[in-house]
Amino acid sequence: MKVRFLGTAAFEGIPALFCGCELCKKAMELGGENIRTRTSVMLGDDLKVDFPPDTYTHMIRDRLDLDKVQDLILTHSHSDHLYAEDLVARLPGYSKTGDHPIQIYGNDLTIAKCKQMLDAEGGAQGKFVLNRVRPYDKLQLQTSRVVPLPAAHDPNETCLLYYIEKDDKTILYGHDTGTFPDETWEWLKDKKFDLVILECTVGHVDYQKTHMNIEAVLETKSTMVEYGMLKPVSEIVVTHFSHNAQLLHADLVDIFEPHSITVAFDGMVLEV
């Protein structure tokens, strides 16, 4: 299965909008893997995680046929993970698409946001089906089996991580979150993963209540090793980087490579 990292930045992007910090200046000068758009991942051609405002850019850059998407799972309602306005582009009158509805799964806030945008244009019109999910629901999607799990991110929202079984592979999509809640660890501890995707939003900054830093990523891997959750072929990938961490792509590689952790970049493709 191809796992495509469409975007790998936090909310501001890298370089960040309006920003003149040293990291953003260096990223603009160096380009390449230092240019990061808002985070999303494709699992195969038919399962997408999150729908950021850079989805159009991802489609053009990576020559994606987004009409092949069957399931869209949403982690939370923050605008860098859900830009619901662009869902309208699949409605009749805006584009010619296949007849199948895309099934959207998310918490109450994400589903309400999607419904508000679609209702303003006359409803989903057979192009989307909105599914509200709760932590620990066992979901049989068209493309995969999925269980949403509690994240530690926004105290005003039930933000979600996802346990995913697809094409005989097991994946943990583990952000946005600080250190995993105890109940999430309890649910996960007897699972074994082919791929673990974590965030490292804030670099060396201590901000673990809502986002992971480098220390939290390494502690998370250590706990997974302790619980026997990693297979010999398991891969851990970090993504969702903020310019506030002041770390270029090469800096992140230097930090994580000794720990056998891969640093994602925009457009990176893994075979799992």
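Scroll up to find the structure.
Criteria and thresholds
Residues numbered from 1 in each chain as written. Predicted model: local features only at pLDDT ≥ 70, side-chain atom pairs only at ≥ 80, totals over all residues. Heavy atoms only, no water. Helix = DSSP H or I, 4+ residues; strand = E, 2+ residues; numbered from the N terminus. Rg over C-alpha atoms; globule rule 2.2 N^0.38 Å. Contact = heavy atoms within 4.5 Å. Areas by Shrake-Rupley, 256 points an atom, 1.4 Å probe, with all protein chains shown as cover. Lys, Arg positive; Asp, Glu negative; His and termini not counted. Charge placed at Lys NZ, Arg CZ, Asp CG, Glu CD. Pairing = 2+ DSSP bridges. Axes fitted to C-alpha atoms, helices over the stretch in contact; angles between N-to-C directions.

**Looking at the overall build of the protein**
Then step 1. Along the protein, the regular secondary structure elements total 6 helices and 14 strands.
Then step 2. Whereas a compact globule of 272 residues would reach a radius of gyration of roughly 19 Å, the protein reaches 18 Å, a difference of no more than 12%.
Then step 3. Pairs at least 24 apart in sequence give 69% of the contacts found in the protein among residues at least 6 apart.
Then step 4. For the protein, the accessible area works out to roughly 12,200 Å², and carbon and sulfur atoms hold 51% of it.
Then step 5. Here the protein contributes 27 positively and 42 negatively charged side chains, and the mean placements of these two sets differ by 5 Å.

**A look at the sheet that holds strand 10 (residues 169-174)**
Then step 1. Ordered in space as 7-8-9-10-11-12-13, the 7 strands form an open sheet in which the pairing is mixed. Of all strands in the sheet, those with a lone pairing partner are strand 7 (139-140) and strand 13 (261-263), marking the two edges.
Then step 2. Direction of pairing for strand 11 (residues 193-199) relative to strand 12 (residues 230-239): parallel, over a ladder of 6 bridges. Bridged to Leu 198 within strand 12 is Val 238.
Then step 3. Along the sheet, helix 5 (residues 214-227) makes contact with strand 10, strand 11, strand 12 and strand 13, crossing strand 12 at roughly 165°.

**Thoughts on the sheet that holds strand 6 (residues 128-132)**
In sheet architecture, strand pairing relies on hydrogen bonds along the backbone and comes in two forms, parallel and antiparallel.
Then step 1. If you trace the 7 strands from one edge of the open sheet to the other, you get 6-5-4-3-2-1-14, paired in mixed fashion. Here the strands that pair on one side only, and so sit at the sheet edges, are strand 6 and strand 14 (268-271). On average, each strand axis in the sheet is inclined to that of its neighbour by 20°, with strand direction left out of account.
Then step 2. Pairing between strand 2 (residues 40-43) and strand 3 (residues 47-49): 3 bridges, direction antiparallel. By the bridge assignment for strand 3, Leu 43 is matched with Leu 47.
Then step 3. Running over the sheet, helix 3 (residues 108-119) touches strand 5 (102-106) and strand 6 and is turned about 155° from strand 6.

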